[in-house]
Amino acid sequence: MFMLKIRCLLFVIAYNASGFWFGLTGWMIGWLPYSKRYPYIVLWNSSAVWLARVLVGIQVQLEGRENIPSGPCVVMAKHQSQFETFYLQTLLQPLC
């Protein structure tokens, strides 16, 4: 239990540090076209998902991926946490 608390603390520190970094640098590249900024900002979402997997041990089980169309579509997620917001951003691109 103690190690889980340490890992969660490390996650919170790394998550907030990466949020600060990507927020600052994302603002600095605001002059670039959207197509150039988008992959960089999605990198923050990918890093949050990676940190959650490595530090906290969150595992994702995705069912029905074969039902996601290759073209534009509307995805509705039952918000149970902030996590699916990050995960969907890495799974479905571009997302708006």
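Quick note: structure is the one above.
Residues numbered from 1 in each chain as written. Predicted model: local features only at pLDDT ≥ 70, side-chain atom pairs only at ≥ 80, totals over all residues. Heavy atoms only, no water.

Participant: I keep staring at the overall build of the protein chain and nothing clicks. Help me out?
Facilitator: Scanning the protein chain for helices and strands turns up three helices and zero strands. The helix and strand sequence of the protein chain, counted from the amino end, reads α-α-α. Reported as C-alpha extents along the three principal axes, the dimensions of the protein chain are approximately 45 × 40 × 20 Å. Within the protein chain, the proportion of its 96 residues that are buried is 23%. Considering only contacts within the protein chain whose residues lie at least 6 apart along the sequence, 69% involve residues at least 24 apart. Approximately 7,500 Å² of the protein chain is accessible, and the part contributed by carbon and sulfur atoms is 67%. (Helix = DSSP H or I, 4+ residues; strand = E, 2+ residues; numbered from the N terminus. Buried < 20%, exposed > 50% of the residue type's maximum accessible area, 1.4 Å probe, protein only. Contact = heavy atoms within 4.5 Å. Areas by Shrake-Rupley, 256 points an atom, 1.4 Å probe, with all protein chains shown as cover.)

Participant: I keep staring at unusual backbone geometry and nothing clicks. Help me out?
Facilitator: Phi is mostly negative for residues that are not glycine, and the peptide bonds are mostly trans. For the peptide bond that leads from Q93 to P94, omega is -5°, which places it in the cis range. Relative to the elements of secondary structure, P94 occurs in the segment after α3 (83-91).

Participant: It is not clear to me how the side chain of S18 should be interpreted in this structure. Could you clarify?
Facilitator: Along the polypeptide, S18 turns up in helix α1 (residues 2-28). At 2.9 Å, the side chain of S18 and the backbone oxygen of Y15 are in polar contact. (Polar contact = N/O pair within 3.5 Å; in protein donor to acceptor, adjacent residues only side chain to side chain.)

Participant: What's the story with the nonpolar core in this structure? I'm lost.
Facilitator: One broad trend across soluble globular proteins is that nonpolar side chains are buried collectively. Grouped together as the largest cluster of nonpolar side chains are twelve residues: F11, Y15, A48, V49, L51, A52, L55, F86, Y87, L88, L91 and L92. Contributing elements (two or more residues each) for this core: α1, α2 (34-56) and α3. Top element by residues in this core is α2. It accounts for five residues. (Core = buried A, V, L, I, M, F, W, Y, C linked by side-chain atoms within 4.5 Å.)

Participant: How should I be thinking about α3 in this particular structure?
Facilitator: Every α-helical turn comprises 3.6 residues, leaving residues that sit three or four positions apart pointing alike. Within α3, burial applies to E84, F86, Y87, L88, Q89 and L91. Those residues of α3 that are buried lie in contact with α1 and α2.

Participant: Even after reading the chapter, I still don't get a nonpolar patch on the surface, so can you show me in this structure?
Facilitator: Together, F2, M3, I6 and L10 line one region of the surface with nonpolar side chains, adding up to about 410 Å² of accessible area. Tracing the chain through its elements places M3 in helix α1. The exposure class of M3 is exposed, given its relative accessible area of 53%. (Patch = residues over 30% accessible without salt bridge, like charges linked within 9 Å, V, L, I, M, F, W, Y side chains within 5 Å. Salt bridge = Lys/Arg side-chain N within 4 Å of Asp/Glu carboxyl O.)

Nothing here speaks to function; it is all geometry.
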